[in-house]
Amino acid sequence: MKNTFKFIFAFIAFTGFWSCEDEENFKILDPVGDFAILTPDTGTTIVLDPNLGTNPSITLSWNAADYGTPTQVQYEVEFAAAGTEFENPIIAASTNSTNITWNVLEFNGAVLGAGLTPFTQEGLDIRVRATTGTTGTQERFTNVITILVTSFSTDLPQLAVPGNHQGWNPPTAPRIAASAFGQTDYEGYMWLDGGYKFLAPDAGGAFNWGNTDWGDDGSFSGILVENDETDCQATPGYYRVQANTTTLTYTTTVTVWGIIGAATPGGWDNSTALTYNPTSKMWEGIVTLTAGEFKFRANNAWTLNFGGPAEAMGYDGPNLSVDVGGSYLVKLDLTNPRQYTYTLTPQ
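Attention in this report is confined to the structure presented alongside it. (Residues numbered from 1 in each chain as written. Predicted model: local features only at pLDDT ≥ 70, side-chain atom pairs only at ≥ 80, totals over all residues. Heavy atoms only, no water.)

### Things to note about the side chain of Asn-305
Put simply, the test is: Secondary structure is summarised from DSSP: a helix means a run of H or I of at least four residues, a strand means a run of E of at least two, and numbering begins at the N terminus for each. Each residue gets one of three labels from its accessible area relative to the maximum for its type: buried under 20%, exposed over 50%, partly exposed in between, using a 1.4 Å probe on protein chains only. Definition of a polar contact: a pair of N or O atoms within 3.5 Å, with one able to donate and the other able to accept a hydrogen when the atoms are protein atoms, and with sequence-neighbouring residues admitted only if both atoms are side-chain atoms. Contacts: residue pairs with any heavy atoms within 4.5 Å of one another.
Turning to its location among the elements, Asn-305 is positioned in strand β23 (residues 305–307). You can call Asn-305 buried: its relative accessible area is 2%. Polar side-chain contacts of Asn-305 include one of 3.1 Å to the backbone oxygen of Trp-302. Contacts of Asn-305, omitting those with residues within four sequence positions, involve Lys-295, Phe-296, Arg-297, Gly-314, Tyr-315, Asp-316 and Gly-317.

### Some points on the packing of aromatic side chains
Rules: Two aromatic rings, drawn from Phe, Tyr or Trp (for Trp, its six-membered ring), form a pair once their centres lie within 6.5 Å of each other, and the interplanar angle then sorts them: stacked below 30 degrees, edge-to-face above 60, tilted otherwise.
Applying the stated criterion to the full structure yields 24 aromatic pairs. Ring geometry for Tyr-189 versus Trp-257: centroids 5.8 Å apart, planes at 75°, classification edge-to-face. Residue Tyr-189 is located in strand β12 (residues 185–196), and its partner Trp-257 is located in strand β18 (residues 257–260); the two are separated by 68 residues in the primary sequence. Trp-257 matches Tyr-189 in its accessibility class, with the two residues each being buried. With a centroid separation of 5.8 Å and an interplanar angle of 85°, the aromatic rings of Tyr-196 and Phe-198 are classed as edge-to-face.

### Quick word on the layout of surface pockets
For clarity, the cut-off: Site definitions follow a grid-based scheme: protein atoms alone, a 1 Å grid, a 1.4 Å probe that fits but cannot get out for cavities, and for pockets an open set with protein on both sides within 12 Å along at least five of seven lines, plus lining residues having an atom within 4 Å of a point. Grid points are joined across faces, edges and corners, and a volume is the space filled by probe spheres set on the points. In this count, Pro and Cys sit with the nonpolar residues alongside Ala, Val, Leu, Ile, Met, Phe, Trp and Tyr, while Asp, Glu, Lys and Arg are called charged and the others, Gly among them, polar.
Of the volumes computed, that of the largest pocket is approximately 570 Å³. Pro-118, Phe-181, Pro-201, Ala-203 and Gly-205 are, among the 17 residues lining the largest pocket, the residues nearest its centre. For the lining of the largest pocket, the class distribution of residues is 9 nonpolar, 5 polar and 3 charged. Around the second largest pocket, the lining comprises 14 residues; the ones closest to its centre are Pro-174, Met-190, Trp-191, Tyr-276 and Lys-281. If you tally residues by element for the lining of the second largest pocket, the top one is β12, at 3 residues.

### Notes on the nonpolar core
As a reminder of what qualifies: The term nonpolar core refers to a set of buried residues drawn from Ala, Val, Leu, Ile, Met, Phe, Trp, Tyr and Cys, joined through side-chain atoms within 4.5 Å.
Ranked by internal contacts, the top residues of the largest apolar core, which has 32 residues, are Leu-60, Val-77, Phe-79, Trp-102, Phe-107 and Leu-124. Contributions of two or more residues to this core are made by β3 (56–62), β4 (73–81), β5 (90–95), β6 (99–103), α2 (104–113), β7 (121–132) and β9 (145–150). Per-element accounting of this core gives the leading share, 5 residues, to β4. Setting aside residues up to four positions removed in sequence, Leu-60 forms contacts with Ile-37, Thr-39, Pro-40, Val-77, Thr-98, Asn-99, Ile-100, Trp-102, Ile-126, Val-128 and Ile-145. Ranked by size, the runner-up nonpolar core spans 24 residues in total, among them Tyr-189, Ala-263, Met-313 and Tyr-328.

So, in structure tokens, the structure goes:
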């Protein structure tokens, strides 16, 4: 019996010692000092310029988080639209340093990700989160600063054109695009075959029924309405589609495309016809070209014609050119609204 009690006592003493050691090893660190953002100041105003994309835009710095003992500290910079209480913050940076600098493009992307509206001065809330060790525990937050940012977007506003031509499915419908952000003069090219409508994106950029949409007022004279609308109508064909959601008007122009110029079989007098490919949704053809200049035009007329630059053709633009004569597969791609391109592939 004595030996049994001795064993139990020894076991309790050992486990008590082990528990103390364990508690010491996993001691909660006590934060000390002031963990706060140093720069920039609340109220700082920043206007982002897309022409200065790689230039520095802003440097954020803060005091190191002091946990009272040497330990690895990880920092995450959180952005949120002002007044949202960081309900849906984004992590704009992660670092072991106590400062970070974003260039214009990086900062603009983070600001848009936080939900700010391009080309509008809006508030951005910023804070820094600190954690310790490799497991990211014992989080601390700095104070929150609010700066005023005017961001930008290089994406053109778009409308979807769902209809009979593609099964009335908005997410996969062809698009028309405005000439610039804030403009409502939409344009694009597509095959139409019967009824169709115009549909705006929701706040997240998705195209689905239930969003704002427009149809014909019933007169079929190019007037759009939001309520009590009738499906717009088109006979089968490939159209230039234009719509303006400010003037509430729309137009469609049927087009057949070809290539023309000194480099083409018809010279500058007659277009060499291309054929619409419903699979690729491009105008295509194998054409024998000579070294020289050319353009693309619709309906064997100059009302609608595309010239350079080659990477983003424009209406009535400068002549395009081919350096080496030969047989080419010509493809005219009008599927991306207002970003029209072509390819010449030797055969």
